[in-house]
Amino acid sequence: MYRKNMWEVYDEKQLGQVERLAEQYKKDLDLGKTERECVDIIEKKAIDKGYKNLEDLIKGKYTVKAGDKVYAKCMGKTIVLFNIGREPIEDGMNILGAHLDSPRIDVKQNPLYENTGLAYLDTHYYGGIKKYQWVTIPLAIHGVVVKKDGSKIDIVIGEDDNDPVFVITDLLIHLAQNQMQKKANVVIEGEGLDLLLGSRGLKDSEEKELVKSNILKIIKDKYGFEEEDFLSAELEIVPAGKARDCGLDRSMVIGYGQDDRVCAFTSLYAMLEVENPARTSCCILVDKEEIGSTGATGMQSRFFEDSLMELVNLMDIGDSMTVRRAMRNSTMLSSDVSAAYDPLYSNVYEKQNSAHFGMGLVFNKYTGARGKSGSNDANAEYIAALRSIMDDNEVGYHTAELGRVDQGGGGTIAYILAGQGMNVIDSGVAVLSMHAPMEVTSKADIYEAYKGYKAFLNDMKKID
């Protein structure tokens, strides 16, 4: 049984492995601050490991067989990887599923305006955030602008040391008497999250809005697009700067977007190391979880099911019922973060059934709210099989639920795949300050999650 603080268990070799994984993770976290950027990273790593694009296989009418590695993308925001196993796919797959999107602030379609000599971008926040946390911190802009001719311009401003950064201003304390009386959810209004873009007017111009005109000139000269191109842009405002070691002992990682990229990247690392599995291994990394898994790139779309159907066709082994059996007989870890016990806010946790830093991979039998409303509730038989695998592979793990009963709640993509009849459980990494601009995780937990995901892909068998 490995339910203890893992820092008390590691030898020097393991400590080295923990640090190496953390360094790779921080690099990927820095490069992947949007779902599009994450998919680009994942696709490159997959190709380097021998994965082939499903669309190319379909066009070439290739036959897929055991040992083949295949990936498929959806609109550049969702990606799924398959490592075809030796056993019939209709007997089920071992699936890791995480999400790539994180809470952020999005730029509106008609965003640029000037007010009393200051230029701003109008915004709309995305996902569950405490709006007051996003003011007076350095911010960057990431995303794409697509012009009418179909050409795409990738935008990253605020990450290079020579780049400017941006900010959402707050009211100075000297004038904040009325503001300080407001409830936390309205201290900063949603329409008050506009990004300060500039204050310097265009010289020798007859334009009425000189600052806005100057910003548009900079945008055109440096980035190559016009004001109307904001209509077909997806620009995300995220915290500027790199993920860093946290704590004098360097035992933690602090950075943006760890919900849920800490689980997405550890799932990816595990998936890419699996070779010649018995059961087909699968890793699906999706968009839109933070707003209900909706839309074409969310887990509720048919992208995953359709990709599997295309794969079955290329394997020439069956029809739609083969896909349904494959889904029903699969086992899945819904790789999503859990709320780490925070002693500064102990009144909202039940300590014995909370996730704790350094204790390894976290299994949440159920999430939901109040009376488990909206949750997937994993079967005891499945949990028993997972316990055996984790112990056999010396993976540190423990179980948790999301806070005290009736205190709050949350959810993941688990219930969507469970709706296909498969065994699913939430499992991931404990996070402090979840959904804040900067979140904190334990390096030990990152390492144990990677170990646990790899053990699951290699050793999980069909649950009868």
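Just above, that's the structure.
This text gives an overview of the structure that appears in the document. Just so we're clear, the structure is a prediction, and the values are computed from it rather than from any experiment.

## Some remarks on the overall build of the chain
Check the secondary structure of the chain and you find eleven helices and 22 strands. With the C-alpha coordinates of the chain rotated into their principal frame, the extents come out at 75 × 55 × 45 Å. Put simply, the chain has 464 residues, and 52% of those count as buried. Sequence separation of 24 or more characterises 76% of the internal contacts of the chain that already satisfy a separation of 6 or more. Of the accessible surface of the chain, which amounts to about 21,700 Å², a share of 48% is contributed by carbon and sulfur atoms. Distance between charge centroids for the chain: 1 Å, based on 56 positive and 73 negative side chains.

## Structural notes on the side chain of D260
Relative to the assigned elements, D260 resides in helix α6 (residues 258-273). Buried and unpaired, D260 has R261 as its nearest opposite-charge partner, separated by 9.0 Å.

## Concerning the sheet that holds strand β9 (residues 195-198)
The antiparallel open sheet is built from six strands, whose spatial order is β8-β7-β10-β5-β6-β9. Lying at the two open borders of the sheet, with one neighbouring strand each, are β8 (152-157) and β9. For this sheet, the mean inter-axis angle between neighbouring strands, taken without regard to orientation, is 30°. Here strand β7 (residues 139-146) runs beside strand β10 (residues 233-239); their pairing, made up of seven bridges, is antiparallel. By the bridge assignment, A140 is partnered in β10 with V238. Its contacts with the sheet place helix α5 (residues 210-223) against β5 (104-115), β6 (118-126), β8 and β9, and it is angled at close to 125° to β5.

## Points about the sheet that holds strand β16 (residues 361-364)
Read across the sheet, nine strands follow the order β1-β2-β3-β13-β4-β14-β20-β16-β18 without closing on themselves; strand pairing throughout is mixed. Two strands in the sheet have a free side with no partner beyond their single neighbour: β1 (52-53) and β18 (397-399). As paired elements, β16 and strand β20 (residues 423-428) share three bridges and run antiparallel to each other. By the bridge assignment for β20, F363 is matched with S427. Sitting on the sheet, helix α7 (residues 303-315) is in contact with β2 (69-74), β3 (78-83), β4 (93-99) and β13 (280-286), with an inclination near 35° to β3.

## Topic: α7
When the terminal C-alpha atoms of α7 are compared, their 18 Å separation across 13 residues agrees well with the 18 Å that a helix rising 1.5 Å per residue should span. Residues of α7 that are buried include every one of F303, F304, S307, L308, L311, V312, L314 and M315, and no others. A positive phi of about 55° marks D316, the residue just after α7.

## So, the packing of aromatic side chains
Applying the stated criterion across every chain, the model contains ten aromatic pairs. Centre to centre, the rings of Y447 and Y450 are 6.3 Å apart; their planes meet at 40°, and the pair counts as tilted. Of this pair, Y447 and Y450 are both found in helix α11 (residues 443-459), three residues apart, which corresponds to roughly one turn of the helix. Residue Y450 is classed as buried on the basis of its relative accessible area of 13%. A connected cluster of aromatic rings, assembled from ring pairs, spans W7, Y10, Y447 and Y450. The side chain of R104 reaches across the aromatic face of Y126, ending 3.7 Å from its centre.

## What to know about the nonpolar core
Within soluble globular proteins, side chains that are nonpolar tend to cluster in buried spots. Counting residues in hydrophobic clusters, the biggest one holds 56 residues, and the most contacted among them are L81, L333 and F456. If we skip the residues at most four places from it in the chain, F456 touches N94, I95, L96, T331, M332, L333, Y382, L386, I389 and M390.

## Re unusual backbone geometry
That bond from D259 to D260 is cis: its omega, 15°, falls within 30 degrees of zero. The residue M75 is not glycine, and still its phi comes out positive at about 55°. The residue M75 is located in the loop between β2 and β3 in this model. With a phi angle near 55°, E394 is a residue other than glycine that sits in the positive phi range. Within the element layout of this structure, E394 appears in the loop between α9 (380-392) and β18. What makes E394 partly exposed here is its relative accessible area of 43%.

## Some thoughts on the state of the cysteines
Tallied over the entire structure, the rule returns zero disulfides. A disulfide-free cysteine, C38 has its sulfur positioned 12 Å from the sulfur of C283, the nearest such atom. Looking at C283, it has no disulfide partner, and the nearest cysteine sulfur is the one in C282, 7.1 Å off.

## With respect to the pattern of salt bridges
One pass over the structure, following the stated rule, counts 28 salt bridges. The shortest N-O distance in the salt bridge between D122 and K108 comes to 3.4 Å. Taken as a pair, D122 in strand β6 and K108 in strand β5 lie far apart in primary sequence, 14 residues in all. Residue K108 is classed as partly exposed on the basis of its relative accessible area of 22%. Ionic contacts of the salt-bridge type, sharing partners, join the residues E19, E23, K26, D245, R250 and K443 into one network.

## Side note on α5
Here α5 spans 19 Å end to end across 14 residues, near enough to the 20 Å set by a 1.5 Å rise per residue. Three or more residues of α5 are buried, namely V211, K212, S213, N214, I215, I219 and Y223. Residue G224 follows α5 closely and has a positive phi angle near 80°.

## So, the packing of helix α1 (residues 12-31) against α6
The relative placement of two packed helices comes down to the angle between their axes together with the axis-to-axis distance. Remark: α1 packs on α6, axes separated minimally by 10 Å, with the N-to-C direction vectors making an angle of 120°. The orientation of α1 with respect to α6, classified from their angle, is oblique. Where α1 crosses over α6, the handedness of that crossing is right-handed. Along its contact with α1, which presents L21, Q24, Y25, D28 and L29, the element α6 presents Q258, R261, V262, F265 and Y269. A breakdown of the residues in the contact of α1 with α6 according to their chemical character gives six nonpolar, two polar and two charged.

Parameters and conventions
For every chain, the first residue of the written sequence is number 1, and numbering continues from 1 onward in sequence order. Local features in a predicted model are, by the rule used here, given only for residues with pLDDT of at least 70; side-chain atom pairs are given and counted only at 80 or more, and totals for whole chains, interfaces and linings are based on all residues. Side-chain calculation: all heavy atoms of the structure are included, whereas hydrogens and water are not. Runs of E in the DSSP output that reach at least two residues are strands. Runs of H or I that reach at least four are helices, and both are numbered from the N terminus. Note on classification: 1.4 Å probe, protein chains only; a residue is buried when its accessible area is under 20% of the maximum for its type, exposed when over 50%, partly exposed between these limits. It only takes one pair of heavy atoms within 4.5 Å for two residues to be counted as in contact. Accessible surface area values rest on a Shrake-Rupley calculation with a 1.4 Å probe, where residue burial reflects the displayed protein chains alone. Just so you know, the count uses Lys and Arg for positive and Asp and Glu for negative, and it drops His and the chain ends. By convention, the charge on Lys lies at NZ, on Arg at CZ, on Asp at CG and on Glu at CD. The salt bridge criterion pairs a side-chain nitrogen of Lys or Arg with a carboxyl oxygen of Asp or Glu, the two atoms within 4 Å. Here, strands pair whenever DSSP counts at least two bridges between them. Axis definition: a line fitted to C-alpha atoms, over the contacting stretch in the case of helices. Angles run 0 to 180 degrees between N-to-C directions. Here the expected length of a helix is defined as 1.5 Å per residue gap, with one fewer gap than residues. Stacked, tilted and edge-to-face are the three classes assigned to paired rings of Phe, Tyr and Trp, where Trp is represented by its six-membered ring and a pair needs centres within 6.5 Å; plane angles under 30 degrees give stacked, over 60 edge-to-face, the rest tilted. Charge-over-ring contacts are defined here by two conditions on Lys NZ or Arg CZ: a distance within 6 Å of the ring centre and an angle within 35 degrees of the ring normal. Here the nonpolar core consists of buried residues drawn from Ala, Val, Leu, Ile, Met, Phe, Trp, Tyr and Cys, with membership extended through side-chain atoms lying within 4.5 Å. Counting rule for disulfides: a pair of cysteine sulfur atoms within 2.5 Å. Note that the term roughly parallel is reserved for angles under 35 degrees, roughly antiparallel for angles over 145, roughly perpendicular for angles of 65 to 115, and oblique for everything else. Note: crossing handedness is left-handed where the near helix turns anticlockwise from the far helix by less than a right angle, and right-handed where it turns clockwise. For this classification, the nonpolar set comprises Ala, Val, Leu, Ile, Met, Phe, Trp, Tyr, Cys and Pro, the charged set comprises Asp, Glu, Lys and Arg, and every other residue, Gly included, is treated as polar.

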